[in-house]
Amino acid sequence: MHAVDTIAAIATAPGSGGIGVVRVSGPLSREIAEGVLGHCPAPRHAAYLPFQDADQALIDQGIAIYYAAPFSYTGEDVLELQAHGGPALMQILLKRCLALGARQAEPGEFTRRAYLNDKIDLAQAEAVADVINAATEAAARSAVRSLSGEFSARIHLLLQQLIDLRLYVEACLDFPEEDIDFISQGRVAEKLATVSSGLDAVFNEARQGNLLREGLQVVLVGQPNVGKSSLMNQLAGEEVAIVTPIAGTTRDTIKNSIQINGIPLHIIDTAGLRETSDEVEQHGIARTWRALENAGVALLLLDAAHGIGEMEKSILDRLPQFLPKIWIHNKIDLDSTSPQIVIDNNDTHIHLSAKTGLGVDLLRQQLLNIAGWQPNGEGVFMARTRHLVALKQVREHLDIAADLLLQPELFAEELRLAQEALNTVTGEFTPDDLLGEIFSRFCIGK
Ligand code: GDP
Ligand code: ZN
């Protein structure tokens, strides 16, 4: 047990709700239960009891659940008090717990204790936040998969394979006089290929999950009245409620989020990018141009009847060179032409009608292609960019290792680096653990 003090916090969202929960974790949980409830309920049993102030005045009547360590979320003694979810009442209840010796918890501290007490690993701890903050149903589902440990289990399997391979190679290095053909005997190349393909599979699923989390930044450009707002509404489809301005002042609301197949699209409307002398507006505009640097794709809208003109070309010149672009020839309903997608050199043109929706599916599909989405959403893990970076590092070391089969020392070193990178995902094995692992194996095996 790492923590010594007792923390308390309102666990439910701010504002009023039918039910609100105050959560307490740490060694004083039992005493706090006795103070608030008169006695501590049996562990893991819901007890309907009066919650009382120091002078026995009734704070509220509610449900109390006590969990004895280590069988709780944090692995410590935990008390959960469920009362009516009014903000004032929640404050009174929290203050009562603080008066009984708890300290106000810091953000994420319950989950951090769960991690420190080995209830969950680092990837799972991150998934807790991702479940809570998921913007779409698909993102929530993939975060729950990660939280349940499916992602971690896959990482562990890879770690185990890597460790096995390392143990073998290191053992060969320790006994050079035996001069065994270490490569063919241990089927080293074959085992390395197994780790490699396992890594590819995990990376692919993690990348899909990351897309659900981070989404795709879409820049919408074009002259007034070409149909930018109409197109955005079409893309949003029935999920109208999701067309919400990102918080900020009205003049800053040039960014909206919608979703396609559960993938968030963050749309930056460059309609706000006009010349202005207003200082506040200039700030917003500068920010938008910076946002363009991180964009994933630009949609260049124009009136199908007019074609690409000087205005469009000057906009094009201001966009980052390597940003993927799609020309949208809008309002095809006016001259009754058919929706189509034309790929010409490196340029993609889509003819559609933002008003009738004709051809908008072609655009949806193209956006998913650019995002790199693969339609079978099965087996998607919520992953942080941090995880993807780590998995890429593992891949690099494995690739280098594959070229070093004839140099066992260097080969072993690349495996070690690969393992180190993989370790950072779940935050578990440290080099000390590896030593312990090696030691115990050798005792058992030989
Ligand atoms: P924005 O200024 O670029 O955001 O353009 P809006 O989306 O506000 O559209 C400007 C006008 O063009 C509105 O009257 C829309 O109804 C109309 N409009 C937009 N898209 C289409 C389209 O595909 N066909 C037709 N006929 N009208 C459209
Ligand atoms: Zn508009």
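Just above sits the structure.
Worth saying up front: this structure is predicted, and the values here are computed from it rather than measured.

**Some points on the overall build of the protein**
The number of helices and strands found in the protein is 15 helices and 14 strands. Burial status across the protein gives 44% buried among its 446 residues. For the protein, the proportion of contacts with a sequence separation of at least 24, taken over those separated by at least 6, is 64%. Per element, the accessible surface of the protein, about 22800 Å² overall, is 54% carbon and sulfur.

**Looking at the pattern of salt bridges**
All chains considered together, the criterion is met by 19 salt bridges. Two residues, R113 and D5, come together in a salt bridge whose shortest N-O distance is 2.6 Å. Of this pair, R113 sits in helix 3 (residues 109-116) while D5 is found in the segment before strand 1 (7-10), placing the two residues 108 residues apart along the sequence. A relative accessible area of 5% means that R113 is categorised as buried. Because the salt bridges share partners, they merge into one network encompassing D5, E76, R103, E106, E109 and R113.

**Brief notes about the nonpolar core**
L231, L235, L299, I328, L363 and L367 are the most contacted members of the largest nonpolar core, which has 33 residues in total. Non-local contacts of L235, meaning those with residues more than four positions away in its chain, are made with I258, Q259, I260, I267, V360, L363, R364 and L367. By size, the runner-up hydrophobic cluster in this structure holds 31 residues, among which are L159, V169, L415 and A418.

**As for helix 5 (residues 137-147)**
An α-helical turn contains 3.6 residues, so any two residues separated by three or four positions project in the same direction. Those residues of helix 5 lying buried are A139, S142, A143 and S146. With its buried residues spanning 105° around the axis, helix 5 presents them on a single face. Every exposed residue of helix 5 that faces more than 90 degrees away from the buried side is listed here: E137 and R141. On the buried face of helix 5, the contacting elements are helix 4 (122-133), helix 6 (150-174) and helix 8 (188-214). Immediately beyond the C-terminal end of helix 5, within one or two residues, lies G149, with a positive phi of roughly 100°.

Parameters and conventions
- Residues numbered from 1 in each chain as written.
- Chains lettered and ligands numbered in written order.
- Predicted model: local features only at pLDDT ≥ 70, side-chain atom pairs only at ≥ 80, totals over all residues.
- Heavy atoms only, no water.
- Helix = DSSP H or I, 4+ residues; strand = E, 2+ residues; numbered from the N terminus.
- Buried < 20%, exposed > 50% of the residue type's maximum accessible area, 1.4 Å probe, protein only.
- Contact = heavy atoms within 4.5 Å.
- Areas by Shrake-Rupley, 256 points an atom, 1.4 Å probe, with all protein chains shown as cover.
- Salt bridge = Lys/Arg side-chain N within 4 Å of Asp/Glu carboxyl O.
- Core = buried A, V, L, I, M, F, W, Y, C linked by side-chain atoms within 4.5 Å.
- Arc of directions from axis to C-beta.

Just distances and angles here, no functional claims.
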